[in-house]
Amino acid sequence: LQSPLFSYITDIGYQLFGFNVITSRLPSIIFSSFSILVIYLITQEVFGDSKTALLASFLFAVSRYAILNNLEPDITAFFFTLLSIFFFIKFMKGNKRYIYLSAITLSLAILSKVIAFLVIPAYVIFYFVYVYLYSNEIILIRKKEGRIIVDKKVLLSFVYCILLVLLVVSPVIIHNYLTYKETGIT
């Protein structure tokens, strides 16, 4: 079960608009279009410059990747991954509520394409590098008076996010585990 979310979205399109070629490609076209907007928002958030954000969005809109992969679940996973990155950047800039939106959208990306799991190690590395370089209010571990102190609020937020991702993604993991166990494929 590679990408149940993409399959469900495509099936909803079939129910609404009938079974045809345009309907089968419509979710990818929509998510590709929204990806352009999210790239604009990410670039605006990181660089604070609308001209740079417009250029980045334009380059994605005309990129070979976006055009060629407009037929597969890749672009849906790409959209949700980008949205998760946008929310993660907002979280890193100090708005703690965005970590949950980042976890939910990353879960949706994983449900679209399992390879989106690879973003999680990047988040962990980026978090520690960012905290080391810019030391701000979302520090998980502090050293105070020779003692190491763990911020329980930040730790609890991370634990909730992990549980949220596992809850959303668990049907795919369980389905794959049971299928491979039953068929004997390893």
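This text follows the structure it describes.
Computed from a prediction, not measured in an experiment: that's the story for all the values here.

1. Here's the deal with the side chain of T81
(1) Moving on: Position of T81 relative to the elements: it lies in helix α5 (residues 74–92).
(2) Moving on: Residue classification places T81 among the buried residues on the basis of a relative accessible area of 12%.
(3) Moving on: Separated by 2.7 Å, the side chain of T81 and the backbone oxygen of A77 make a polar contact.
(4) Moving on: Here T81 is in contact with A109, A116, V119 and Y123, once residues within four sequence places are set aside.

2. Concerning the layout of surface pockets
(1) Moving on: Put simply, the largest pocket is a space of about 420 Å³.
(2) Moving on: The wall of the largest pocket is formed by 19 residues, among which I120, Y123, V124, F158 and I162 lie closest to the centre.
(3) Moving on: Considered class by class, the residues forming the lining of the largest pocket number 17 nonpolar, two polar and no charged.
(4) Moving on: Counted as a void, the second largest pocket has a volume near 170 Å³.
(5) Moving on: With four residues, the single largest contributor to the lining of the second largest pocket is α5.
(6) Moving on: Of the residues contributing to the lining of the second largest pocket, the split by class is eight nonpolar, no polar and two charged.

3. With respect to helix α6 (residues 98–112)
(1) Moving on: Helix length check: α6 (15 residues) gives 21 Å between terminal C-alpha atoms against 21 Å at 1.5 Å per residue, within 8%.
(2) Moving on: Residues of α6 that are buried include every one of I99, S102, A103, T105, L106, S107, A109, I110, L111 and S112, and no others.
(3) Moving on: In this fold, the buried residues of α6 make contact with α1 (4–17), α5, α7 (119–134) and α8 (152–183).

4. Quick word on the packing of helix α2 (residues 21–47) against helix α3 (residues 50–61)
Packed helices, taken two at a time, are described by the angle between their axes plus the distance between the axes.
(1) Moving on: Interhelical geometry of α2 versus α3 gives an angle of 150 degrees and a closest axis separation of 8 Å. As judged from the angle between their axes, α2 and α3 are roughly antiparallel. Seen along the crossing, α2 lies across α3 with a hand that is right-handed. Of α3, the residues touching α2 (which contributes S32, S35, I36, I39, Y40, T43, Q44 and F47) are S50, T52, A53, L54, A56, S57, F60 and A61.
(2) Moving on: A class-by-class count of the residues in the contact of α2 with α3 yields nine nonpolar, seven polar and no charged.

Rules used throughout
- Residues numbered from 1 in each chain as written.
- Predicted model: local features only at pLDDT ≥ 70, side-chain atom pairs only at ≥ 80, totals over all residues.
- Heavy atoms only, no water.
- Helix = DSSP H or I, 4+ residues; strand = E, 2+ residues; numbered from the N terminus.
- Buried < 20%, exposed > 50% of the residue type's maximum accessible area, 1.4 Å probe, protein only.
- Polar contact = N/O pair within 3.5 Å; in protein donor to acceptor, adjacent residues only side chain to side chain.
- Contact = heavy atoms within 4.5 Å.
- 1 Å grid on protein atoms, 1.4 Å probe; cavity = no way out; pocket = protein on both sides within 12 Å on 5 of 7 lines; lining within 4 Å.
- Points joined across faces, edges and corners; volume = space filled by probe spheres on them.
- Nonpolar A, V, L, I, M, F, W, Y, C, P; charged D, E, K, R; others polar.
- Expected span 1.5 Å × (residues − 1).
- Axes fitted to C-alpha atoms, helices over the stretch in contact; angles between N-to-C directions.
- Parallel < 35°, antiparallel > 145°, perpendicular 65-115°, else oblique.
- Left-handed = near helix turned anticlockwise from the far one by under 90°.

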